[in-house]
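# Observations on the model geometry
Listed below are the residues making up each chain.
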Amino acid sequence: MRLKKSYRDSWVEIDLNNIQYNIEQLRHRLSHHTNIYAVVKANAYGHGDVEVAKAAIQAGASRLAVALLDEAVKLRDHGITVPILVMGWVHPEDVSVAADNDITITFFQKEWLEQVMQLEFSGRLKLHMKWDTGMGRIGLRDEKELTELLQLLNEPRFYLEGIFTHFATADETDLNYFRDQQARFEQLYQVFRANWNQPVIFHTGNSAASMRFPDVMQHYVRFGISMYGLYPSQIVKQEKPIDLKPAFSLHSRLIHVKKLPKGESISYGATYTTQEDEWTGTVPLGYADGIRRKLQGTDVLIGGQRAEIVGKICMDQFMIRLSKPYPVGTKVTVIGTQADQEITMDELASHLDTINYEIACMISDRVPRYYIPAVNEKNTHV
Ligand code: PMH
């Protein structure tokens, strides 16, 4: 019989109050006609998609966005009923799954639509059309592609509900490319309006655009990284258009403590040798949990103070240098706060030469997630 969610001494804590706080801050900044898609792809950037989705909806996000059909189906399987948009490419033969589960999918290719037209599916297929205004990833790029697609859409089985694009540089200081993308969107918009007279919703902004330029956001914004309490770049962090609280923290507990005499080495390759007699603690987290080996030499928190990771990080464990003999079971914080000390995802990202987005996605599913429930228990139907 399984008595606990996990038997290990390492865990992620997600404070759903902070997810809700971040959404509320953005809501106050947006104009009243702009609503929020909570972006919960990649297991809500590692935070846990079902739990984050529910908290986000309670806090006023009215829709959800994911990358994959699988992610959308999982949310439906957990009883979530708000509109869900799959922002990535879906196989034409899988559109019946989307139609059956009332999931909205993204399209932009004529050949794709022609294939879907050959297929049987029941009900109406909800579609958002993706315009590539400069991201160079997915989406149609010119007027010809747009008018051809619109001509094909005249079938009652298809419901063109929305149009969207994605910005490549909305988080940067130089906004020229961002403005070019806006101009390209505007050009396509004119063509669209000349060829389509049904109402549709528009959404272009990610966290950076929605926080920095709330006045030019349309019906929806797609709020990802900042819903989790992280700024999309150092520039936006300095500007601080809204206050944010990180929701994610990662903790463990010492499982072994010993005093090593001067001149003893630690871990694979014996890359670290004690300079004097040193107290050493073993922490049961490793690279299989997403603690990358390159984090050797960075700090964790114990007893409200920083302690260095010494020696190579192993698959399931790493060692830290202690200032004194802490008891086995003492809490170690890898991401988060203790007393007046904080280790942020930004700090780890900078050490790994990457962005906080990658740190959030990097902590593997092997680490159990525990949730601090939202105090705001509004009785919202999800
Ligand atoms: N919309 C789309 C289409 C996205 O791909 C993303 C994030 C968002 C909205 C949310 O952006 P934000 O997290 O900056 O708010 N996508 C990615 C990505 O593909 N790689 O990093 C972030």
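The following refers to the structure shown. Only a predicted model underlies this, so the values are computations on that prediction, with no experimental measurement involved.

Broken down by element type, the protein chain carries 12 helices and 20 strands. Dimensions of the protein chain, computed from C-alpha atoms along their principal axes, come out at roughly 80 × 55 × 40 Å. Counted over contacts in the protein chain with a minimum sequence separation of 6, partners at least 24 positions apart contribute 68%. If you sum the accessible surface of the protein chain, you get close to 17,400 Å²; carbon and sulfur atoms cover 49% of it. The distance from the centre of the 42 positive side-chain charges to the centre of the 47 negative ones in the protein chain is 4 Å.

Mapping R222 onto the fold places it in strand β9 (residues 220-223). Buried and without a salt bridge, R222 has D132 as its closest oppositely charged side chain, separated by 11 Å. Looking at R222, its side chain comes within polar contact range of the side chain of H166, at 3.1 Å. Aside from chain neighbours lying at most four places away, what touches R222 is Y37, V39, M87, F164, T165, H166, H203, T204, G205, N206 and S207.

What follows deals with the site of the ligand. Taken together, K41, Y45, M87, R137, H166, N206, S207, R222, G224, I225 and Y357 make up the full set of residues near the ligand. The separation between an oxygen atom of the ligand and a polar main-chain atom of I225 is 2.8 Å. Protein burial of the ligand: of its 490 Å² of free accessible surface, 81% is covered by the chains. In this structure, the ligand is accommodated by the largest pocket.

Among the 6 residues in strand β1 (residues 10-15), 5 count as buried, and that is most of the element. Relative to strand β10 (residues 248-253), β1 runs antiparallel, the two being bridged by 5 bridges. The residue of β10 that forms the bridge with E13 is S249. Sheet analysis places β1 next to strand β20 (residues 369-372), joined by 4 bridges and oriented parallel. What sits directly across from E13, in β20, is Y370.

This part covers the environment of M319. Here M319 shows up in strand β17 (residues 318-322). Between the C-alpha atom of M319 and that of A307, which follows or precedes it by 12 residues, the distance is 9.9 Å. For M319, the residues in contact, after removing those within four places along its chain, are I266, S267, T280, G281, T282, E308, I309 and V310.

Okay, the pattern of salt bridges next. Tallied over the entire structure, the rule returns 16 salt bridges. E161 is the partner of R63 in a salt bridge, and the nearest nitrogen-oxygen pair spans 3.3 Å. With R63 in strand β3 (residues 63-66) and E161 in strand β7 (residues 158-164), this pair connects stretches of sequence that are 98 residues apart. The burial state of R63 is the same as that of E161; both residues are buried. Note that R366 is salt-bridged to D316, the shortest N-O span being 3.0 Å. Residue R366 is found in the loop between α12 (356-362) and β20, and its partner D316 is found in the loop between β16 (305-310) and β17; the two are separated by 50 residues along the sequence. For R366, a relative accessible area of 39% gives the class partly exposed. Taking relative accessible area as the criterion, D316 reaches 33% and is therefore assigned partly exposed. Taken together, the shared-partner salt bridges in this structure form one network comprising R8, D289, D316 and R366.

This next bit is on the pairing of β7. The buried count for β7 comes to 6 of 7 residues, which makes it a mostly enclosed element. Relative to β7, strand β6 (residues 125-130) is paired through 6 bridges, and the arrangement is parallel. Counted as the bridge partner of M129 is I163 from β7. Considered for its hand, the β-α-β crossover made up of β6, helix α7 (residues 143-152) and β7 is right-handed. Bridge analysis of β7 against strand β8 (residues 201-205) gives 3 bridges, and the strand direction is parallel. Among the inter-strand pairings, I163 is bridged to a residue of β8, identified as F202.

Moving on: the packing of aromatic side chains. In total, this model carries 12 aromatic pairs according to the counting rule given. When the centroid spacing of 6.2 Å and the interplanar angle of 35° are considered together, the rings of Y45 and Y357 count as tilted. With Y45 in helix α2 (residues 41-45) and Y357 in helix α12, the pair connects residues that are 312 residues apart, well separated along the chain. Residue classification places Y45 among the buried residues on the basis of a relative accessible area of 8%. Of the residues examined, Y357 reaches a relative accessible area of 27% and is grouped as partly exposed. When the centroid spacing of 5.0 Å and the interplanar angle of 50° are considered together, the rings of W131 and F185 count as tilted.

So, about the nonpolar core. In terms of nonpolar packing, the biggest core is built from 121 residues, with M129 and I320 touching the most fellow members. Among the elements that take part in this core, helix α3 (residues 49-58) stands out by supplying 6 residues, more than any other. When residues of this core are assigned to domains, at least three map to each of domain 1 (16-228) and domain 2 (248-343). Those residues in contact with M129, other than ones at most four positions away along the chain, are F107, L140, L146, L149, L150, L153, L160, G162, I163 and F164.

Basis of the calculations
- Residues numbered from 1 in each chain as written.
- Predicted model: local features only at pLDDT ≥ 70, side-chain atom pairs only at ≥ 80, totals over all residues.
- Heavy atoms only, no water.
- Helix = DSSP H or I, 4+ residues; strand = E, 2+ residues; numbered from the N terminus.
- Contact = heavy atoms within 4.5 Å.
- Areas by Shrake-Rupley, 256 points an atom, 1.4 Å probe, with all protein chains shown as cover.
- Lys, Arg positive; Asp, Glu negative; His and termini not counted.
- Charge placed at Lys NZ, Arg CZ, Asp CG, Glu CD.
- Buried < 20%, exposed > 50% of the residue type's maximum accessible area, 1.4 Å probe, protein only.
- Salt bridge = Lys/Arg side-chain N within 4 Å of Asp/Glu carboxyl O.
- Polar contact = N/O pair within 3.5 Å; in protein donor to acceptor, adjacent residues only side chain to side chain.
- Near = heavy atom within 4 Å.
- 1 Å grid on protein atoms, 1.4 Å probe; cavity = no way out; pocket = protein on both sides within 12 Å on 5 of 7 lines; lining within 4 Å.
- Sits in = over half its atoms within 2 Å of the grid points.
- Pairing = 2+ DSSP bridges.
- Right-handed = clockwise from strand over helix to strand, strands pointing away.
- Phe/Tyr/Trp six-rings, centres within 6.5 Å; stacked < 30°, edge-to-face > 60°.
- Core = buried A, V, L, I, M, F, W, Y, C linked by side-chain atoms within 4.5 Å.
- Domains from an automatic or database assignment.

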